[in-house]
Structures are given as C-alpha cells and as structure tokens.
Amino acid sequence: MSNSLWIHYARPRPHWYRLSEAEQREKQAGWDALAVKATRAGAARIGVYHIRGQHDFQTVELWHFPDAESAFAHWANLTGAAYNEWFAFSNNIGLPLENPAYEHAGS
C-alpha cells in the first residue's frame, strides 16, 4: 500500500489552553480538513495514540503515505495552517528496508 510511514509526536503548547473551546474546535476543524485532503491523495491514517509514562509528548499519530514527498507535503500544509504554533511536535519518516537480509531473517 505504502512505502512511507510518518510518525508524528505532539503535545499542546501552553497557550493552546488559553483558547476557548470554540476557537480550539475551529482550528482543529481546519487541520482535520487537511487530513481528509491527505487521505484523498492516497494517505492512510493508522491512528492517534495517547502516550503513557515519561515522554516529552502526549500523543503519537501514525500515517502511511505513498512516498516521503507526500508526507512532507502534508506537514507543509499543517504548518501553513499554523498547527506548529499551537503544538510542540517531533516528526519521523520511516522508509522500507531494501536489504534482502532483513526481509528473509528468520525464514
């Protein structure tokens, strides 16, 4: 299905909590629309998970993208919509291993 995995860690910045619930919903609706746009372009959202224990972030979100460029384009859309102003984050892109030794390990 995909050859790129996007791993996105996030936590709200303190000033996020100063917004009203209506303002938070409005911003989230814009970011949700970008997620729909990404899925229409071939991405698949695997899920959003709460992180337990000692970690710098609150959630981790996993996506499959057709290629790394599509994942970068999605992130550019989110930053263009000011997501990074409201959430601290860390992103990772995973690409498939192409070493046959890994593919046949344990066979």
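Refer to the preceding data block for the structure.
Residues numbered from 1 in each chain as written. Predicted model: local features only at pLDDT ≥ 70, side-chain atom pairs only at ≥ 80, totals over all residues. Heavy atoms only, no water.

Points about the overall build of the protein chain
Reasoning step 1: Across its full length, the protein chain holds 4 helices and 4 strands.
Reasoning step 2: In sequence order, the protein chain lays out its α and β elements as β-α-β-β-α-α-β-α.
Reasoning step 3: Relative to its full complement of 107 residues, the protein chain shows a buried share of 29%.
Reasoning step 4: Of all intrachain contacts in the protein chain linking residues separated by at least 6 positions in sequence, the fraction that spans at least 24 positions is 72%.
Reasoning step 5: When the accessible surface of the protein chain is summed, it comes to about 7,200 Å², and 52% of that surface belongs to carbon and sulfur atoms. (Helix = DSSP H or I, 4+ residues; strand = E, 2+ residues; numbered from the N terminus. Buried < 20%, exposed > 50% of the residue type's maximum accessible area, 1.4 Å probe, protein only. Contact = heavy atoms within 4.5 Å. Areas by Shrake-Rupley, 256 points an atom, 1.4 Å probe, with all protein chains shown as cover.)

A word on the sheet that holds strand 2 (residues 44-50)
Reasoning step 1: Ordered in space as 2-3-1-4, the 4 strands form an open sheet in which the pairing is antiparallel. Each of the sheet's edge strands pairs with one partner strand only, and the pair in question is strand 2 and strand 4 (87-94). Sheet twist, expressed as the average angle between the axes of neighbouring strands with direction ignored, equals 15°.
Reasoning step 2: Across 6 bridges, the pairing between strand 2 and strand 3 (residues 59-65) is antiparallel. (Pairing = 2+ DSSP bridges. Axes fitted to C-alpha atoms, helices over the stretch in contact; angles between N-to-C directions.)

Observations concerning the packing of aromatic side chains
Reasoning step 1: Taken as a whole, this structure holds 12 aromatic pairs when the rule is applied.
Reasoning step 2: Aromatic pair Trp-6 and Trp-75: ring centres 6.1 Å apart, planes at 55°, arrangement tilted. In this pair, Trp-6 sits in strand 1 (residues 4-12) while Trp-75 sits in helix 2 (residues 68-80), placing the two residues 69 residues apart along the sequence.
Reasoning step 3: Among the residues examined, Trp-6 registers a relative accessible area of 2% and is labelled buried.
Reasoning step 4: A centroid spacing of 5.9 Å and a plane angle of 35° characterise the contact between Tyr-9 and Phe-57, whose relative ring orientation is tilted. In this pair, Tyr-9 is assigned in strand 1 and Phe-57 in the loop between strand 2 and strand 3, connecting sequence segments 48 residues apart. (Phe/Tyr/Trp six-rings, centres within 6.5 Å; stacked < 30°, edge-to-face > 60°.)

Nothing here speaks to function; it is geometry throughout.
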